[in-house]
Amino acid sequence: MLEVKGLVAGYAGSEVLHGIDLEVNEGEGVIVLGPNGHGKSTLLRAVTGLLSPRAGQVLLDGKDITRWRPDAIAAAGLVHIPQGDLLFPEMTVTENLLMGAYHGPTWSERSARLGRVYELFPWLKERGGQLARTLSGGERRMLALGRGLMSKAKLLLIDEPSLGLAPLTTQQIYASIHKVKESGLSLLIADENANHVAGLADRVYLLETGSLVRQGPADELLRDKALLESYLG
Amino acid sequence: MSTQFVQAVWGGILFGSVYGLMALGLTLVWGAVRLLNLAHGAIFVVGSYVAFFVVSKLNLPILVALPIGVLAAAAFAYLMHLIFIRPVIGKPGFDNSTLIATVGISIAVSAAAILIFNPEYKVIPPIISGNFTLSDVQITKQGLLVIGTSLALFALVYLFLTYTRRGMAIRAVSQQQEAASLMAIPVVRTYGMVIAISGALAGLAGVLLSPFFFLNPNSGFNPMIQALIVTIFGGLGSVRGALVAGFVLGIFESFVEVYYGVAWAQPGVFLLIILMLIVRPNGLFGIGEVRRL
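Predicted, not measured: the structure shown is a model, and the values here were computed from it.

Colleague: Describe in detail the overall build of chain A, supporting the description with residues and values.
Modeller: When you go through chain A residue by residue, the secondary structure sums to ten helices and ten strands. Scaling as 2.2 N^0.38, a compact globule of 233 residues should have a C-alpha radius of gyration of about 17 Å, and chain A matches this with 17 Å. For chain A, the C-alpha atoms occupy an extent of roughly 45 × 40 × 35 Å along the three principal directions. Within chain A, the fraction of its 233 residues that count as buried is 57%. Here the contacts in chain A between residues at least 6 apart in sequence split such that 66% fall between residues at least 24 apart. Counting every atom, chain A has about 9,700 Å² of accessible surface; 50% of that belongs to carbon and sulfur. Placing the 24 positive and 27 negative side-chain charges of chain A at their respective mean positions leaves the two points 6 Å apart.

Colleague: Let's hear about the overall build of chain B: which residues, and what values?
Modeller: A count of helices and strands for chain B gives eleven helices and two strands. Reading chain B from its N end, one meets helices and strands in the order α-α-α-α-β-β-α-α-α-α-α-α-α. Based on the C-alpha atoms only, the size of chain B along its principal axes is roughly 60 × 50 × 35 Å. The buried share among the 293 residues of chain B stands at 53%. Here the analysis covers contacts within chain B between residues at least 6 apart in sequence; of these, 76% occur between residues at least 24 apart. If you sum the accessible surface of chain B, you get close to 12,700 Å²; carbon and sulfur atoms cover 71% of it.

Colleague: Tell me what's going on with helix α3 (residues 93-100) of chain A, and back it up with residues and numbers.
Modeller: In terms of residue burial, α3 of chain A counts as a mostly covered element, since seven of its eight residues are buried. Of the surrounding secondary structure, the elements contacted by the buried residues of α3 of chain A are α4 (107-120), α5 (122-126) and α6 (137-149) of chain A together with α5 (141-163) and α6 (165-175) of chain B.

Colleague: Hey, could you go over the interface of chain B and chain A for me, with residue numbers and the actual values?
Modeller: Residue-level contacts link 22 residues of chain B with 25 residues of chain A. Surface buried jointly by chain B and chain A totals about 2,300 Å² across both partners, of which 65% is contributed by carbon and sulfur atoms. On the chain B side of the interface with chain A, the three residues burying the most area are Arg-165, Leu-182 and Met-183 of chain B, jointly 32% of the side's total. Run the count over chain B and chain A and you get two salt bridges. The interface formed by chain B and chain A holds six residue pairs in polar contact (both at pLDDT 80 or more) in total. Those elements that provide at least two residues to the side of chain B that touches chain A are α5, α6 and α7 (177-182) of chain B. With seven residues, the single largest contributor to the side of chain B that touches chain A is α6 of chain B.

Colleague: Please provide a residue-by-residue account of the sheet that holds strand β2 (residues 14-24) of chain A, values included.
Modeller: Residues and elements named next belong to chain A. Overall, antiparallel pairing links the four strands, which are arranged β2-β1-β4-β5 in an open sheet. Each end of this open sheet is capped by a strand with a single partner; those strands are β2 and β5 (63-64). The sheet strands contacting helix α1 (residues 40-47) are β1 (2-11), β2 and β4 (55-60), and the helix crosses β1 at an angle near 115°.

Colleague: Could you give an account of the pairing of strand β6 (residues 78-81) of chain A, naming the residues involved and the relevant values?
Modeller: All names here are of chain A. Burial along β6 is two-sided: Leu-78 and His-80 facing one way and Val-79 and Ile-81 facing the other are all buried. Two elements, β6 and strand β7 (residues 155-159), share four bridges in a ladder whose sense is parallel. Within β7, the residue paired with Val-79 across the bridge is Leu-156.

Colleague: Summarise the pattern of salt bridges; cite the residues concerned and give the values.
Modeller: All names here are of chain A. Scanning the entire structure with this criterion turns up eleven salt bridges over all chains. Across the pair Glu-139 and Arg-127 runs a salt bridge, and its minimum N-O distance is 3.1 Å. Taken together, the residues Glu-139 in helix α6 and Arg-127 in the loop between α5 and α6 connect sequence positions twelve residues apart. On the accessibility criterion, Glu-139 (15% relative accessible area) is buried. The salt bridge partner of Lys-181 is Asp-202, with a shortest N-O separation of 3.2 Å. Separated by 21 residues along the polypeptide, Lys-181 in helix α7 (residues 167-182) and Asp-202 in the loop between α8 (194-197) and β9 (203-208) bring together distant segments of the chain. Classification of Lys-181 by relative accessible area gives buried; the value is 17%. The partly exposed category is assigned to Asp-202, whose relative accessible area is 32%.

Colleague: Give a detailed account of the packing of α5 of chain B against helix α10 (residues 239-260) of chain B, specifying residues and quantitative values.
Modeller: Residue and element names in this part refer to chain B. Orientation of α5 relative to α10, taken along the N-to-C sense of each, is 165°, at an axis distance of 10 Å. Taken together, α5 and α10 sit at an angle that is classed as roughly antiparallel. The chirality of how α5 crosses α10 is left-handed. Together, Leu-151, Phe-154 and Leu-161 of α5 and Val-239, Ala-242, Leu-243 and Phe-247 of α10 make up the contact between the two elements. Split by residue class, the contact of α5 with α10 holds seven nonpolar, no polar and no charged.

Colleague: I'd like a description of the pairing of β7 of chain A, backed by residues and values.
Modeller: All names here are of chain A. A large share of β7 lies buried, amounting to five of its five residues. Every second residue of β7 is oriented toward a common face, with Leu-155, Leu-157 and Asp-159 on one face and Leu-156 and Ile-158 on the other, all of them buried. Note that β7 and strand β8 (residues 186-191) share five bridges and pair parallel. Bridge pairing in β8 places Leu-157 opposite Leu-188.

What counts and what doesn't
- Residues numbered from 1 in each chain as written.
- Chains lettered and ligands numbered in written order.
- Predicted model: local features only at pLDDT ≥ 70, side-chain atom pairs only at ≥ 80, totals over all residues.
- Heavy atoms only, no water.
- Helix = DSSP H or I, 4+ residues; strand = E, 2+ residues; numbered from the N terminus.
- Rg over C-alpha atoms; globule rule 2.2 N^0.38 Å.
- Buried < 20%, exposed > 50% of the residue type's maximum accessible area, 1.4 Å probe, protein only.
- Contact = heavy atoms within 4.5 Å.
- Areas by Shrake-Rupley, 256 points an atom, 1.4 Å probe, with all protein chains shown as cover.
- Lys, Arg positive; Asp, Glu negative; His and termini not counted.
- Charge placed at Lys NZ, Arg CZ, Asp CG, Glu CD.
- Buried area = accessible area lost by both parts, 1.4 Å probe.
- Salt bridge = Lys/Arg side-chain N within 4 Å of Asp/Glu carboxyl O.
- Polar contact = N/O pair within 3.5 Å; in protein donor to acceptor, adjacent residues only side chain to side chain.
- Pairing = 2+ DSSP bridges.
- Axes fitted to C-alpha atoms, helices over the stretch in contact; angles between N-to-C directions.
- Parallel < 35°, antiparallel > 145°, perpendicular 65-115°, else oblique.
- Left-handed = near helix turned anticlockwise from the far one by under 90°.
- Nonpolar A, V, L, I, M, F, W, Y, C, P; charged D, E, K, R; others polar.

The values are spatial; any link to function lies outside them.
Below, the structure is given as structure tokens:
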């Protein structure tokens, strides 16, 4: 479904990604594992158009979307839940969720999706009227996830789902991502902790200093403790 | 009630709603686009002259000229967005280049008005003529219309921003642009829409106010400066701030004018603003960069 070919990207003066080849198939959970600062976020940003790639191609269902604007890429079904959550701080929890379903659906379809997200995170319903800026870190992350799920995503790209969260909240977040995976949605998750993503991953890529150094089925790669140790530290 | 008091209250409410109406457009554009639109007065003038043209050259009634003037102002603002604003969105130097471009547009519009019409004062008829007296103060029906329109538009804009999909998208874009684009909200098109709405508000103000102040190539300048002051007083980017500040400053100015003379009105307003900004540097309802629509 998603194909990335020879992707080169970076910021003014420095190249971060040196030619990435990666793919995600229908219904698959793909994890990009790598230590901090090795280009995981840059990869997701380049795929969803927040950063324009210097070279290479991004294909969605065979269609070249490399130069598309972020809003067009999101409308096509690649939905990116970025690092830092990026909520709308002066909007309520419900309003944030509704904005996740901005593109496409009618109001009745929107409220149906709202119902599904509330099922996954009952907590969001209780706090519906609260302003997003008053939420705690874990609550923000759940809202960001819920907002992403409001869209008609084909593929959800999640950047470090547990970054900065307490252990208990981290567990809750991964448990809910699990439910999302079971519903059949494809996932591309960037993470630095192999234990967190073990149950979510079908395939794993290892990212080091801007290049994918290893890839393989999750059961194989994630079981190789020596490799992961040497690599993630 | 004394005549003076009624005069001050009436003038204050009238000034206040005029200031608010102009400030509403400015504050929307600042809140959503982070654009200080110094062509807001020029857009006011475009709307007024188009309405004047429709009334005096095409001999159509003012009720026909009003919507045409408003649409022309919105179209002019949108064109300004397409040519001068859109190309520099997200580029370094956005603030400086748009500031200079909007001042340039203002100069060009007043020059064009002189060339096409002439520098003489023009009259646009009121929508409703007639007046009545209250404690010896003349209350014009057009004045009441301006007050009602201004309040109604504040309510409309508030409802639009709060309850409609596109209105919510404007707030989303103003609060977290990157997240908005990840939610498939077309950011640049939303900017264009806000600028056009703001243009329509300026054009409406132009057509409704010209019966009071007469129309000339620079008649948008003073309302824009007043609106700028109101916007800063209320907090840049705050709709509620524009409404409250418009009436606070309008009523204050009117009372100073009636009781201490016209000469004190402007200095009085500036003194009030300076004192307020010492206490609240971001304006009544502004909380710095964080506060958006």
